[in-house]
Amino acid sequence: RAAAFRCVAALIAGSFAQEVSLEIPDDGFYSGEKSSVPFPSIPMLAAKDVWRDFARVLMDDVSGDDERVAVLHRGASSALLAAARVDALGIAEAFDFNPSHETDGTMWHGTFAVLRRTKFVGYGSTDAAAAASNVAALLGVMVVAGVTSFDVKLAASALYDCLRNASRTLRSGGGGAAARAASRCAEALATVLQAHSHGDEDVFPSHGVAAMCAEILANAVGPSASPECIKASVGACLLTSTVFRSKSTSERAIDGAFEHVGASILQSLLVLWHFRLLGNSTQQRSVPTMSIIISATRNVLAHDVSAKAAACEWGLVSSLVQTTVAAVRRSMSPDGSFKSVPTAMDVYVASSAMRATRRDALAAAMEFGLDADGKELPSTVALGSLTCLRHMMYSFPTSTSDDAWLEEIVNEIRENAVDSGIVDMFRTTWPYATLDQTVMYELLSLVVNFVAKCPNSKRAITAVGAGEDGEQPKSFAQRLMDHAFDSKHAPGSSSLCLTLKALSSLATVEGPARYWLIRSSFVDDVALTLAHALTKVRAYDSDANDVPRARWMTTVTACVRALCNVASFGDGQRAVLRANAGTHVFELCLEVVAAAADPNDDARRETFLLMHNLAFHPDAKSHYAANEVAIDCLVQGVRDEDLQCASASCGALFALTRNGQRVVALLRERGRDRALRAASKSHAAKTPNDPRSEHWSRCLRGILLVLSANEKVDAYDGALR
């Protein structure tokens, strides 16, 4: 029976592998034309009773000799897996029938039981491990095909149990069968999590998964690791990339694992990266693709503190900087140009032409970025180093107790980057990045994370470097300004948004970089860009959901956010208030609020926050008093449904009413004071525990108190007269 099962699996797999499209001449109406016909077909797939019998083997043949059961399960699962790869939905129907009509009426419980019963040590363990590998792959195929007839939570729980048993076996020196089963279970579990998780909420509690991934990866990179064990790292890398996709999911994966599990995973991933680039032919064929390795490495570096600390201690920052510079220089032709070298976008376009299912340009460029010898292109190596550096400098939100430690580690990483010559690397990579949109995105994202909250990083990019080709020496920040305002960008360009974000962040920390930005033409150029984008937005109907309008609104949001960052201190507020864009900045703010059709639009939130920041400058009261429409906008903003907009509006009005008699007088005119009192009664805070709600309530009470005090003073003065 087992031999017959394997024969069926071989026939199905062989027929599918050899299935080709034949050009058949048409002798009918379209005489002389040819039709593409797939051949040969597989009639066996239509025999549902056959596949139900195979599924029944997994569910019913569970008693007797362990080796007998393992051999039968291995054969039946291999046949089902081969058929599911051809027609997953059709094979899934075979599991939706149970003659005993127990439980939910399906035979999927038999597949789950195979995973839970698997023993990786002892009599029949090899066949049992192979059966578990086939069942795990079968569940993964079904999930990808969109089959919904089985309980996803039960499937994930069974895969988790099998993965735990396999990882324990590997810890005690298990062989290739256990490693293969662990890899298949990890890959299937990653597929289930990606397909059925909602945001940061996993379909099942993934506690301790990081420890299992660490054990599989450590077994794969050990000194005596076999090629099968190295191949088993594919599933562990995919599962690591999935469970470390956010801070909350990584915390659940680390919960219950050994200490510094993230550093252990990072060490194994770096060894796999070394095998991929510099290993022998056997190692290069066995390790995962570069896209899988980089995806797991960057996610661990982004969301695990121990991995960040280990990378800083091991000198990974300097190594990645040097790797990027070396890769870019490999791309140079003898005359210093890059035009003859394939870029990441070239690879992405080629992979799209080959109908590769890759929506992410970075993933496609890294997976298909190989030369004729199978070696990674320089663009692939540069992308991997840049994205890992970017995620290493990412500072995720943490609890109060861990925030100081995380910031200390991330700032130390930035300091090491400065000492390693990362700014020179920026200058070296810049000409190459201008030819490649994918490299440009990663480079600018790295710059944004590099300059965040670090005065030394901000000072480094504003320092004047050596000129090139007879050009006048300029800082890298000046190069960014030239790219932002002297180059033509598409609507909603990500490079423009990232450049504005990087430059405006120079104003967020006290230091020389802040005043370099104020002395430059940055504020005026941003205001002009904002005015131009609003002109384009006006050309579209506000009720229409046009893609071009949404793209221009992305540019508007980036410009307003940049002005808001600059207006975070006194001199910056003065520069924004005096910005020369053909119209006053308040006029631009009012136009943005009017153009943002969605109440939850980021542009509206950033605009109200900008008006809030400007209200704290001493000269702002006269500007607001001269523009009553801006006062009306803030009064309307107090009653806004969005709590962030309402809180910013209340804070701005409260700042303006302090020693601002002209503003107070305006608030008492045209029913503005009545609108504020009505807001205090009807627009109650919906989230009382939110700090923004408390800020809104306190500021509104302060505004009403000021208005009431002025009314009493006026009444007293009238009585004296």
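You'll find the structure just up there.
Predicted model only: the values in this text are computed from it and were never measured.

What counts, and where the lines are drawn
- Residues numbered from 1 in each chain as written.
- Predicted model: local features only at pLDDT ≥ 70, side-chain atom pairs only at ≥ 80, totals over all residues.
- Heavy atoms only, no water.
- Helix = DSSP H or I, 4+ residues; strand = E, 2+ residues; numbered from the N terminus.
- Buried < 20%, exposed > 50% of the residue type's maximum accessible area, 1.4 Å probe, protein only.
- Core = buried A, V, L, I, M, F, W, Y, C linked by side-chain atoms within 4.5 Å.
- Contact = heavy atoms within 4.5 Å.
- Axes fitted to C-alpha atoms, helices over the stretch in contact; angles between N-to-C directions.
- Parallel < 35°, antiparallel > 145°, perpendicular 65-115°, else oblique.
- Left-handed = near helix turned anticlockwise from the far one by under 90°.
- Nonpolar A, V, L, I, M, F, W, Y, C, P; charged D, E, K, R; others polar.

Moving on, we come to unusual backbone geometry. Most peptide bonds are trans, and most residues other than glycine sit at a negative phi. The backbone of His260 sits at a positive phi, close to 60°, despite the residue not being glycine. With respect to the secondary-structure elements, His260 resides in the loop between helix 12 (247–254) and helix 13 (261–278). When its relative accessible area of 47% is taken as the criterion, His260 is described as partly exposed.

On to the nonpolar core. Formed by 225 residues in total, the largest nonpolar core has its most connected members in Trp51 and Phe522. Ranked by the residues each element gives to this core, the list is headed by helix 8 (residues 176–196), at twelve residues.

With that settled, consider the side chain of Asn299. Tracing the sequence through the fold places Asn299 in helix 15 (residues 290–303). Look at Asn299 and you get buried, because its relative accessible area is 11%. Not counting residues up to four positions away in its chain, the partners in contact with Asn299 are Ser241, Phe244 and Arg245.

Relative orientation of the contacting elements helix 17 (residues 316–331) and helix 22 (residues 422–433) amounts to 30°, with a least axis distance of 10 Å. When the interaxial angle is binned, helix 17 and helix 22 end up roughly parallel. By crossing handedness, the relation of helix 17 to helix 22 is classed as left-handed. Within the contact between the two elements, helix 17 uses Val321, Thr324, Val325, Val328, Arg329 and Ser331 and helix 22 uses Ile422, Met425, Thr428, Thr429 and Tyr432. Of the residues contributing to the contact of helix 17 with helix 22, the split by class is six nonpolar, four polar and one charged.

Okay, the packing of helix 9 (residues 209–220) against helix 13 next. Interhelical geometry of helix 9 versus helix 13 gives an angle of 35° and a closest axis separation of 9 Å. By crossing handedness, the relation of helix 9 to helix 13 is classed as left-handed. When helix 9 is examined against helix 13, the residues Ala210, Ala211, Cys213, Ala214, Leu217 and Ala218 are found in contact with a partner set consisting of Val261, Ser264, Ile265, Ser268, Leu269 and Leu272. Considering only residue class, the contact of helix 9 with helix 13 consists of ten nonpolar, two polar and no charged.

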